[in-house]
2 protein chains.
Amino acid sequence: MPRYRFTLEYDGTPYSGWQRQRAGVPSVQAAVEKALLACTQEAVTVHTCGRTDAGVHARGQVMHVTLAKEWSAYRLMQAVNFHLKPQPVAILDARAVADDWHARFSCIGRWYLYRILCRTAPPALERDRVWAVAYSLDAEAMQEGANRLLGLHDFTSFRASLCQADSPVRTLDRLEVSRVGDEIHIVTAARSFLHHQVRNMVGTLALVGQKKWTADDVTAALDAKNRAAAGPTAPPEGLYFMGAVYPETE
Amino acid sequence: MPRYRFTLEYDGTPYSGWQRQRAGVPSVQAAVEKALLACTQEAVTVHTCGRTDAGVHARGQVMHVTLAKEWSAYRLMQAVNFHLKPQPVAILDARAVADDWHARFSCIGRWYLYRILCRTAPPALERDRVWAVAYSLDAEAMQEGANRLLGLHDFTSFRASLCQADSPVRTLDRLEVSRVGDEIHIVTAARSFLHHQVRNMVGTLALVGQKKWTADDVTAALDAKNRAAAGPTAPPEGLYFMGAVYPETE
């Protein structure tokens, strides 16, 4: 049966997260499945590359869907976007993929952006789009702390207690801190992440940026293999799922 | 009496514009005056550098207010920001200014940004923050057209019919078109602008970007001194009041 891969952008603010829940709880998955039903008359389940939590945004989420009927990928994208309105979800790209291509299981890399707005005034234009903090952060110090997390580690200290992954071991390929105007941007990439791993790393690096913690404290938190040893979970509104990587042979 | 200058950011989406209107019509001015009343117990009228239309945003709007009581500018900003919640308006900076300083009459320059998102998919994260068009635009061609508008001209063709300015003559100092990802950004600066001038220039340049018009057509529209000769008015949601310039002697 024909299978399609979609790249999605969404504003996570009004949703309880990606995953479909009981009726009446808004989710991105339910919005996409409803739009697909409206234009294809097929009641389908879509599969994502990575579920996002309530309030987390996406600029490059990836999912796939298998349909009974064949479509032009471009026409399917246009039809789904039409039926998604007025939801803040948009299909940016659609393409036909092989029967065995899977948004989650074929994925070999994911990357995220986290935005922190550092200023006294609350955000007016970027409300729900950034973590707004009233203090300044030292990006260089944060990068020193970030470097301690790169590579292969047991990330138990940065893993949500509800995380269902079999192993807490992950390889962190990228964790880059930069200043962009009055914002701090943190870009991170890995083959996969644990639940809340990005937000827990950001919450910890914010302690370093405030000079409450040193880079050595980050190493100590990692070595403790205990969630209570690391910093707090940064809020969801600063987090963006930016993109996923697949083998070129797809 | 002590006078204070504020720099403001706001999301123009929920407002009928800057200017206070009859009761029940939301405006940025009314929101700021209400917050000032709440924290100072003074019923005041605030004066802006330039009124914005319904749906137009600001990252650097400037206004002043005269109060009976003296305040620390920083404390005043904090108090006003507290009372502005949950309105999407924030005071980014506050400072005491001289008695004769005037947000509008002392201003010697204003600058704007206009954002056009060019892609098939509708905006999800940037909804109400960009003019979304489903076609591509040629930034280089638009810049050629823009260059025809630089300098001293009679801008009758780019002026709203309701514009109340005494003269249609203005000097356009800057009109720069650039591509930023899948957006076109147009930055413009002048001592002052006519009503709808920026949006009318953008609507005209969009015709050039689509190759429906040439740069010569822009010159012809300017020379016609007739609003009907230029392009349509671009929508408000792409426009940002970015900042105002004052003499350094202030």
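We now examine the domain arrangement of chain A. A common way to express how large an interface is: the accessible area buried when the components associate. Residue and element names in this part refer to chain A. One can read the domain layout of chain A as domain 1 (3-97) and domain 2 (109-249). Taking only C-alpha atoms, the centre of domain 1 and the centre of domain 2 are 27 Å apart. At the interface, 16 residues of domain 1 touch 15 residues of domain 2. Interface area for domain 1 against domain 2, summed over the two sides, is near 1,300 Å², with a carbon-plus-sulfur share of 54%. Three residues, Cys-49, His-57 and Arg-59, lead the burial of domain 1 against domain 2; their summed loss comes to 39% of the area buried on that side.

This part takes up the interface of chain B and chain A. The partner chain A presents 28 residues to the 28 residues of chain B that form the contact. Summed over both partners, the interface of chain B with chain A comes to about 2,000 Å²; 57% of that surface belongs to carbon and sulfur atoms. Counting the surface chain B buries against chain A, the share from its top three residues, Thr-120, Ala-124 and Leu-125 of chain B, is 32%. Counting across the interface, chain B meets chain A through four salt bridges. One salt bridge connects Arg-59 of chain B with Glu-126 of chain A, and the closest N-O pair in it is separated by 2.9 Å. Linking chain B with chain A are 14 residue pairs in polar contact (both at pLDDT 80 or more), by the criterion used here. Taken together, the elements giving at least two residues each to the side of chain B that touches chain A come down to β1 (3-10), β3 (57-66), α2 (73-84) and β4 (89-97) of chain B.

Relative to the helices and strands, Gly-238 of chain B is located in the loop between α5 (215-224) and β10 (239-245). Since its relative accessible area comes to 0%, Gly-238 of chain B is described here as buried.

What follows covers helix α5 (residues 215-224) of chain A. One turn of the α-helix equals 3.6 residues, which is why residues spaced by three or four share an orientation. Residues and elements named next belong to chain A. Within the sequence span of α5, burial applies to Ala-215, Val-218, Ala-221 and Leu-222. One side of α5 carries all its buried residues, which in axial view fall inside an arc of 115°. Turned more than 90 degrees off the buried face of α5, the exposed positions are Asp-216 and Asp-223. Structurally, α5 contributes buried residues whose contacts are with α3 (139-147), β7 (151-154) and α4 (197-209).

Our focus in this paragraph is empty space enclosed by the protein. All names here are of chain A. Across all of its chains, the model carries one cavity of 30 Å³ or more by this definition. What lines the largest cavity is simply Tyr-112, Leu-113, Tyr-114, Leu-175, Ile-186, Thr-188, Val-198, Met-201 and Val-202. At the level of elements, β5 (109-118), β9 (183-190) and α4 are the ones that each hand at least two residues to the lining of the largest cavity. Across the lining of the largest cavity, the residue classes tally to eight nonpolar, one polar and no charged.

Residue and element names in this part refer to chain A. Lys-85 connects to Pro-86 through a cis peptide bond whose omega is 5°. Position of Pro-86 relative to the elements: it lies in the loop between α2 (73-84) and β4 (89-97). Even without being glycine, Gln-41 reaches a positive phi, approximately 60°. For Gln-41, the location among the structural elements is in the loop between α1 (28-40) and β2 (47-48). On the basis of relative accessible area, Gln-41 is assigned to the exposed category, the value being 62%.

It is worth spelling out the pattern of salt bridges at this point. All names here are of chain A. Applying the stated criterion across every chain yields a total of 24 salt bridges over all chains. The partner of Arg-129 in a salt bridge is Asp-11, and the shortest N-O contact between them spans 3.4 Å. One end of the pair, Arg-129, is in the loop between β5 and β6 (131-133); the other, Asp-11, is in the loop between β1 (3-10) and α1, and 118 residues separate them in sequence. This pair shows no difference in class: Arg-129 is buried, exactly as Asp-11 is. For Arg-148, the salt bridge identified is with Asp-216, shortest N-O distance 2.9 Å. You can see Arg-148 sitting in the loop between α3 and β7 and its partner Asp-216 sitting in helix α5, a full 68 residues away along the chain.

Residues and elements named next belong to chain A. Mapped onto the secondary structure, Ala-31 falls in helix α1. When its relative accessible area of 11% is taken as the criterion, Ala-31 is described as buried. Taking C-alpha positions, Ala-31 is 9.6 Å from Lys-85, a pair spaced 54 residues apart along the chain. If we skip the residues at most four places from it in the chain, Ala-31 touches Tyr-15, Leu-84 and Gln-87.

What counts and what doesn't
- Residues numbered from 1 in each chain as written.
- Chains lettered and ligands numbered in written order.
- Predicted model: local features only at pLDDT ≥ 70, side-chain atom pairs only at ≥ 80, totals over all residues.
- Heavy atoms only, no water.
- Domains from an automatic or database assignment.
- Contact = heavy atoms within 4.5 Å.
- Buried area = accessible area lost by both parts, 1.4 Å probe.
- Salt bridge = Lys/Arg side-chain N within 4 Å of Asp/Glu carboxyl O.
- Polar contact = N/O pair within 3.5 Å; in protein donor to acceptor, adjacent residues only side chain to side chain.
- Helix = DSSP H or I, 4+ residues; strand = E, 2+ residues; numbered from the N terminus.
- Buried < 20%, exposed > 50% of the residue type's maximum accessible area, 1.4 Å probe, protein only.
- Arc of directions from axis to C-beta.
- 1 Å grid on protein atoms, 1.4 Å probe; cavity = no way out; pocket = protein on both sides within 12 Å on 5 of 7 lines; lining within 4 Å.
- Points joined across faces, edges and corners; volume = space filled by probe spheres on them.
- Nonpolar A, V, L, I, M, F, W, Y, C, P; charged D, E, K, R; others polar.

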